[in-house]
There are 4 protein chains.
Amino acid sequence: MPQNVFPLDSAKPFTEQKILGHNRWHPEIPPAVSVNPGDVFRVDCREWFDGYIKNDDSAEDIATAPLHTVHTLSGPFRIEGAKPGDLLIVDILDVGPIPQEDDGPLAGQGWGYTGIFAKRNGGSFLTDEFPDAYKAVWGFRGDRATSRHVPGVEFTGMIHPGLMGTAPSPELLKTWNSREAALIATDPDRVPALALPPEPDGAILGGVPETDRDRVAGEGARTAPPRENGGNQDIKNLTKGTRIFYPVYVDGANFSVGDLHFSQGDGEITFCGGIEMGGFLDLHVDVIKGGMEKYNVSENAIFMPGNTAPQHSRWLSFSGTSVTLDGEQRYLDSHLAYQRACLHAIDYLSTFGWSKEQAYLLLGAAPIEGRFSGVVDIPNACATVYLPLDIFDIDIRPGSGEVPRIDPGIGAPRASVG
Amino acid sequence: MPQNVFPLDSAKPFTEQKILGHNRWHPEIPPAVSVNPGDVFRVDCREWFDGYIKNDDSAEDIATAPLHTVHTLSGPFRIEGAKPGDLLIVDILDVGPIPQEDDGPLAGQGWGYTGIFAKRNGGSFLTDEFPDAYKAVWGFRGDRATSRHVPGVEFTGMIHPGLMGTAPSPELLKTWNSREAALIATDPDRVPALALPPEPDGAILGGVPETDRDRVAGEGARTAPPRENGGNQDIKNLTKGTRIFYPVYVDGANFSVGDLHFSQGDGEITFCGGIEMGGFLDLHVDVIKGGMEKYNVSENAIFMPGNTAPQHSRWLSFSGTSVTLDGEQRYLDSHLAYQRACLHAIDYLSTFGWSKEQAYLLLGAAPIEGRFSGVVDIPNACATVYLPLDIFDIDIRPGSGEVPRIDPGIGAPRASVG
Amino acid sequence: MPQNVFPLDSAKPFTEQKILGHNRWHPEIPPAVSVNPGDVFRVDCREWFDGYIKNDDSAEDIATAPLHTVHTLSGPFRIEGAKPGDLLIVDILDVGPIPQEDDGPLAGQGWGYTGIFAKRNGGSFLTDEFPDAYKAVWGFRGDRATSRHVPGVEFTGMIHPGLMGTAPSPELLKTWNSREAALIATDPDRVPALALPPEPDGAILGGVPETDRDRVAGEGARTAPPRENGGNQDIKNLTKGTRIFYPVYVDGANFSVGDLHFSQGDGEITFCGGIEMGGFLDLHVDVIKGGMEKYNVSENAIFMPGNTAPQHSRWLSFSGTSVTLDGEQRYLDSHLAYQRACLHAIDYLSTFGWSKEQAYLLLGAAPIEGRFSGVVDIPNACATVYLPLDIFDIDIRPGSGEVPRIDPGIGAPRASVG
Amino acid sequence: MPQNVFPLDSAKPFTEQKILGHNRWHPEIPPAVSVNPGDVFRVDCREWFDGYIKNDDSAEDIATAPLHTVHTLSGPFRIEGAKPGDLLIVDILDVGPIPQEDDGPLAGQGWGYTGIFAKRNGGSFLTDEFPDAYKAVWGFRGDRATSRHVPGVEFTGMIHPGLMGTAPSPELLKTWNSREAALIATDPDRVPALALPPEPDGAILGGVPETDRDRVAGEGARTAPPRENGGNQDIKNLTKGTRIFYPVYVDGANFSVGDLHFSQGDGEITFCGGIEMGGFLDLHVDVIKGGMEKYNVSENAIFMPGNTAPQHSRWLSFSGTSVTLDGEQRYLDSHLAYQRACLHAIDYLSTFGWSKEQAYLLLGAAPIEGRFSGVVDIPNACATVYLPLDIFDIDIRPGSGEVPRIDPGIGAPRASVG
């Protein structure tokens, strides 16, 4: 085990740890830890809601989840010598649930959860069709996950961090805040919101001095969206063995990480969508001097996935196009096309006995693939979603015989309030 | 070789063949051929522009390509006994370029092409950045493709039909025409157009009787977009061994197929984007009676990809978010995010010596993967594009050493008119 | 289609074709066809028994198969400029059953066969346990195979040539004959024989002049064993897309090919073990000058498999060690260990309803993997055989529930004479 | 982390641990720990020589390695309720090097080793060609291994236990001893020995009472060979996620495990051949009542590999046949054929600058595949060895250009005494 430079005590809240992390992006959040290029080190990560979500059969916690408190990030980690214009190399040597604890109240202690956020509290990819809050708790055995709330499936986790990134420069932060404010301004009362402005309430800012705290809290960008610094990209393929290259915008790069998932389907479509958990990462870092100009990288991350992600050789796939459920034709809208593909998959799975919510939770959590198929065939984009056949206890292929049925069990808990 | 029920003579235009195909969707286009459930048969397919595009070093043909003439479809094939509400099973037993001819003026005779359509004539996924017409001709050796216009790469083709589908019912056709007309009406003069309305000029309607021809030509839906019947889905994974399930909307299903690609990247991003060619398919068909209700399939195709697509174990990936090049923040727009990811890949590749147009043509033609990564992280969707490392002659991984360079050769031909 | 330089007429025997092939290795067999480095060409191949084995429900033909007539090879192909000491590059651009014919009496016309050779006529890997002759006929649909004689399984073929190689030099031929004669001499009456000496009866020698025929027939090496020139290696991984490097021992290399298999398990354990068929290959050839010394290759082929072989992600594996069925301990004998592993697999499969002969035929034909696991752990070698789970209609995994059963159907035909 | 039921203190020798393991097979070795069907638990394992081999640049330790002391096994683990005739299910939930320690003198503390045993002390697969002792030390970074003694390669480990098995019944033990003694008797003075008889010197027998110790030590079977109980199978594919089924021969099954490898090539050809290390396993166990008769399993293990083993899509392969280096023809000897294939690979690799010993050590440690290709083509078996291209820093494919060279560095240490 490499040295743990950012340890977390599972018995204490995120704000009472020996080293304080952060939940906003701001160039003035000072490094919590310094490492050198070439170093290997361990980092603990807290699950994104810091223990608010419980291992129980109720979805009230999902319905009331405090979105202004996410994500509880570990870092920033200063990489000595990294300068703006460099590329930061981050190797994920290992990543997993909380290693010493396989039982306990904190997600990552042998279990994780997937939630469908209610339309009034965050919403989700299919929020118009699924406006209420639902939850599924998943249990881990080795690298396999099963759920009492979604019976009839078992799969190998594609364990990965949902969120990794470098600190923005002051200019970049300003750009973010200004362009997102402009979007919000187009429809300020929309539910769900178009974007999340800086929010001092609940802000955790690491070692920012008291004197600067209010200002920084008022400026710090929310961590939900991915941006030029990487951030909450929710790329399920960032598994063990992956190498990522991040642009460096501040001295030392000030890299942070969090939001671990035991598994996730492409899109993390239920919003609280992967199997959320706390855990650890073993990282190796290095620097390519002047890498941004050298490789024409002005923004966003580049990565090379590891070669040990779970293999599946048999898939069942659903397609969708950019026509709304109401029959309105949209112009080359891949986002809508993927929604329609996912809805087709959910409708299909419901014929085997799963409720539509169970199917939706499954697509959020299982290693499904979501692909851009056609993006130029005016006016319809075509998107496809691939389900690995082998994760199902029954044979879900279409055929001429009788349709097999699963027992949906207790179902997925639904919150009584929207 | 199964019996060829739809032979094409490469020396003659599409309209002068023994059996006439079609290039519009309409329920009244009568079956060209009847087959039975369980049958195995061969079908020849003409490349989508019927030979207009040449194997030369000019892009004038791409600039002036007659879009109203596409796609030259083989069919309709009536499957005896298929009824509306059934699911039609289509197995792709084999698919390839024109089998008896590896030399000649017709795409599919040992070669194919990729084009970037000009903004004034079709446009493409990145048409604002690439407004002019470009072409790349690819040569085939076995299942590998190389191009004198894009040197330094070689890859195994993921050969597939870009377009397969069943005939629409009269009601469904009416729905298509009405919803697409409504979209066009929002900006009728847009370039490129928002959608393509029925166009009698250039319509080929198979065996429609002379008396009905004008009416049918005025109603027939264009074949460019994918729709509820499958159609031009451009799913690169429909390779040999794939089984597809199509909704049946008319008696006999009236299945048609065309637009073969030797290879294509996810999205077919240059529009004329796969490696276009004519060729053949060996098909097996069957019917699941009442399959649409049985499996809750109201529209769109379901499929199970074959297990012999080319394997690649090393990838380099680029991400993008839904911010425009001008810095405008859009709300969860995966389409835009994929554009940005592709632009990042193009910028990156240009550091190795390829022109940006060469890189763009490569992404349209090579077996790149385009994935929905995060679709819920307000306001930024995250999309990723994966390039297989092993298709490049040089090592394109980022590193601390010198950047290797390829010789771009004669480059990709550009049309002198936009 | 590349030019067919070695066409075969399915209606005529191998000896009455326009170009005569051969069934013995000898340096004096003159080239049947000349090609140049860089050429692409097609070659037809006859199934190894030239049509002796029928598509019927009897195994009499297997019991009496004329072993002295094999293999009916296409070639030799002279590659201009190739010299002893060079490496010959052969690319398998495509390979498949007889392309124009999917129905007929000749294996390769839509069907193929697997046989267990009787102990008195060739024997097999498990000949002591399976001394009688059995046959299974497989039907092809696209690249999938099924058999009325082995129901309950279906798999994608790993189509490949069982036999490819270059001509031996006079010295090399002498070495072969002398070392094999020495082996035979140790037990000349053994059944099955230890090796097959030159056999003038049934020898086909291409264009050898009449005056030399008797001498060459008396010297020509049999084609059954693989040797320094490649030859009958029966490597199932030589599928489409594979590049092989052969040592060149005579001017022009004089390359020959035959013994196509629609599929085969590692080892081809029933002897007549792959799914035997005639068909075609599209080849590309080239030469590495002085390649043998350059790469320290004194003998035997090197190859790089293609990347489109069928993918399977779930396997059930059986192990064996080098102890005989009678309980005798042998010293590090991987051959015996693999026999024991195969017997374990056969015993296991028999609990699902297949006869042991059906299971044996299946292991010969399906894409099973046979691996050397431990070869140094005195005194027991450990070998393993891997069965892809997805080729079975039923779930053959061990578990606590009831064992599913297949209907063995008419079973595998057995010959009444041994 | 599941509960560690068999902890080991790295600072103490194997015989001074809280729970004592064993290094012989005997039915009377009492369970060290009891678990229940369905339990999940952690087990620590000591490297097989208990720390005798050092992380240094000398091979004296390999030359003098005390073979009578291996393998230091963890266990036996009694599974409550398991009875003779049952099948024991063992799931490898996780497996890795010593988790809390990445630096230290014990293999597994961030490093491991591969050795070529000298002919006088154990020998190896190619002992006639490599009679001296050599060593390579490998360093771990995450799941990748590199070696200062074998530069120019890096690969992802296929971490697995080399040895797992159930205790033999008294009858089975008697069978082992008697058949192995019979083999030894055929050539008692052979070097290396034909088999290893029971050896009281160095025997570790767990909780065997003092009164029985001498007798049990005189009867206990050596752990080097794999046998009916599984044992030292050295199957590189028993990675994380693998499920194994073992025959149960005694009440409680009395399962033991050890000999962890960070990686290994098929065959473990240098004898001390994988990358040897200590570490941990997380296991889940269960029982199929009466499974041996139910599934016709009389002996040996069955297994289903996990789906996260490292993927490689490009391979370079070498073949061999059963002719000795002296030119003697052997009869269908796959063991010899694999030796010849490995020698061909070693000869080939030596042209790039590696010494033959470096190449041999590499083949023992890297995830190479060894396959039975043809086993029936009288008189030559054909075996093949596959090297993944992507583990090499240079491009090792044969071609017409110049041969790239690596710097062999300090080379692999060789022992001064044989």
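Quick caveat: nothing in here was measured; it's all calculated off a predicted structure. (Residues numbered from 1 in each chain as written. Chains lettered and ligands numbered in written order. Predicted model: local features only at pLDDT ≥ 70, side-chain atom pairs only at ≥ 80, totals over all residues.)

*Asks:* Lay out the overall build of chain A with the relevant residues and their values.
*Replies:* Within chain A one finds 6 helices and 22 strands. Since a compact globule built from 418 residues should have a radius of gyration of about 22 Å, the 21 Å found for chain A is in line with a globular shape. Split into buried and exposed, the 418 residues of chain A put 64% on the buried side. Residue pairs in contact within chain A that sit at least 24 positions apart in sequence constitute 78% of those at least 6 positions apart. (Helix = DSSP H or I, 4+ residues; strand = E, 2+ residues; numbered from the N terminus. Rg over C-alpha atoms; globule rule 2.2 N^0.38 Å. Buried ≥ 20, exposed ≤ 12 C-beta atoms within 10 Å, placed from the backbone. Contact = placed C-beta atoms within 7 Å.)

*Asks:* Outline the packing of helix α5 (residues 334-350) of chain A against helix α5 (residues 334-349) of chain B, listing residues and values.
*Replies:* Relative orientation of the contacting elements α5(A) and α5(B) amounts to 120°, with a least axis distance of 6 Å. For the pair α5(A) and α5(B), contact is made by S334(A), H335(A) and Y338(A) and by S334(B), H335(B) and Y338(B), respectively. Split into classes, the residues belonging to the contact of α5(A) with α5(B) amount to 2 nonpolar, 4 polar and no charged. (Axes fitted to C-alpha atoms, helices over the stretch in contact; angles between N-to-C directions. Nonpolar A, V, L, I, M, F, W, Y, C, P; charged D, E, K, R; others polar.)

*Asks:* So what's going on with the relation of the copies chain D and chain C? Residues and values would help.
*Replies:* Its rotation angle being 180°, the transformation that places chain D on chain C also includes 0.0 Å of axial translation and leaves an RMSD of 0.0 Å. Considering both components of the superposition, the chain copies are consistent with a two-fold axis. Minimal C-alpha separation from the rotation axis in chain D is found for R371(D), amounting to 2.2 Å. A high fraction, 100%, of the interface residues of chain D reappear at the interface in chain C, so the copies pair face to face through one surface. (Least-squares fit on C-alpha atoms with pLDDT ≥ 70 in both.)

*Asks:* Kindly report on the relation of the copies chain A and chain C, identifying the contributing residues and their values.
*Replies:* When chain A is fitted onto chain C, the two copies agree to an RMSD of 0.0 Å after a turn of 180° and an axial shift of 0.0 Å. When the interface residues of chain A are mapped onto chain C, 100% of them are again interface residues, pointing to one common binding face.

*Asks:* Quick rundown of the environment of P161(B)? Include the residues and the values.
*Replies:* Residue and element names in this part refer to chain B. Structurally, the position occupied by P161 is in strand β11 (residues 160-166). According to the C-beta neighbour criterion, P161 is buried, with 27 such atoms within 10 Å. Sequence separation between P161 and M277 is 116 residues, and the spatial gap between their C-alpha atoms is 9.8 Å. Excluding its chain neighbours within four sequence positions, the residues that come into contact with P161 are V95, L238, V257, G258, D259, L260 and L281.

*Asks:* How would you explain the domain arrangement of chain A if you had to name every residue and give the values?
*Replies:* Residues and elements named next belong to chain A. When cut into domains, chain A gives domain 1 (4-304) and domain 2 (315-391). Of note, the centres of domain 1 and domain 2, computed from C-alpha atoms alone, are 26 Å apart. Looking at the side of domain 1 that touches domain 2, the elements with two or more residues in it are β7 (111-116), β8 (134-141) and β17 (271-276). (Domains from an automatic or database assignment.)

*Asks:* Explain the interface of chain A and chain C to me, and be specific about the residues and the numbers.
*Replies:* Facing the 5 residues of chain A at the interface are 5 residues of chain C. Across the side of chain A that touches chain C, the residue classes break down as no nonpolar, 3 polar and 2 charged.

*Asks:* Which residues make up unusual backbone geometry, and what values go with them?
*Replies:* Put simply, V191(B) and P192(B) share a cis peptide bond, and its omega is -5°. Relative to the helices and strands, P192(B) resides in the loop between α2 (170-185) and α3 (210-219). Residue P76(D) follows G75(D) across a cis peptide bond; omega there is 0°. Within the element layout of this structure, P76(D) appears in strand β5 (residues 74-79). Backbone geometry at N300(D) places phi at a positive 70°, although glycine is not the residue there. Mapped onto the elements, N300(D) comes out in the loop between α4 (291-294) and β19 (302-304). By the C-beta count within 10 Å, which is 27 here, N300(D) ends up buried.

*Asks:* Can you tell me about the interface of chain D and chain C, naming the residues and giving the values?
*Replies:* At the interface, 84 residues of chain D touch 84 residues of chain C. At 7 residues, strand β20 (residues 315-321) of chain D tops the list of elements feeding residues into the side of chain D that touches chain C. The class makeup of the residues in the side of chain D that touches chain C is 41 nonpolar, 29 polar and 14 charged. Relative to β19(D), strand β18 (residues 315-321) of chain C runs antiparallel, the two being bridged by 2 bridges. Paired with S317(C) across the bridge in β19(D) is F303(D). (Pairing = 2+ DSSP bridges.)

*Asks:* An account of helix α2 (residues 170-185) of chain D is needed here, citing residue identities and associated values.
*Replies:* Residue and element names in this part refer to chain D. Over its 16 residues, α2 extends 22 Å from the first C-alpha to the last, a length consistent with the 22 Å expected when each residue adds 1.5 Å. Considered for burial, the residues of α2 that qualify are L172, L173, W176 and E180. Along the long axis of α2, the arc covered by the buried residues comes to 100°, so they all point the same way. Turned more than 90 degrees away from the buried face of α2, the exposed residues are E171, S178 and A185. (Expected span 1.5 Å × (residues − 1). Arc of directions from axis to C-beta.)

*Asks:* Hey, could you go over the pairing of strand β6 (residues 111-116) of chain C for me, with residue numbers and the actual values?
*Replies:* Residue and element names in this part refer to chain C. Of all 6 residues in β6, 6 are buried, a share of seventy percent or more. Residues of β6 alternate between two faces, with W111, Y113 and G115 on one and G112, T114 and I116 on the opposite face, all of them buried. Judged from the 6 bridges that link them, β6 and strand β7 (residues 134-141) form a sheet pairing that is antiparallel. Directly across from G115, in β7, lies its bridge partner K135.

*Asks:* Would you mind going over the confidence of the model for chain A in detail, with residue names and values included?
*Replies:* Per-residue pLDDT for chain A has a mean of 96; in total, 99% of the residues score no lower than 70. Reported for the predicted complex are a pTM of 0.97 and an ipTM of 0.97. (pLDDT = per-residue confidence, 0-100.)

*Asks:* Hey, could you go over the environment of G241(C) for me, with residue numbers and the actual values?
*Replies:* Structurally, G241(C) is set in the loop between β12 (230-231) and β13 (243-247). On the basis of neighbour counts, which here come to 21 C-beta atoms within 10 Å, the residue G241(C) falls in the buried class. Here the alpha-carbon distance between G241(C) and L343(C), two residues 102 residues apart in the chain, equals 33 Å. Leaving out residues up to four positions away in the same chain, G241(C) has contacts with G142(B), D143(B), T156(B), I92(C), G306(C), N307(C) and T308(C).

*Asks:* Describe in detail the environment of D94(A), supporting the description with residues and values.
*Replies:* Tracing the chain through its elements places D94(A) in strand β6 (residues 87-97). Sequence separation between D94(A) and K240(A) is 146 residues, and the spatial gap between their C-alpha atoms is 5.1 Å. When near neighbours in sequence (up to four residues on either side) are disregarded, D94(A) contacts K240(A), L281(A), D282(A) and G142(D).

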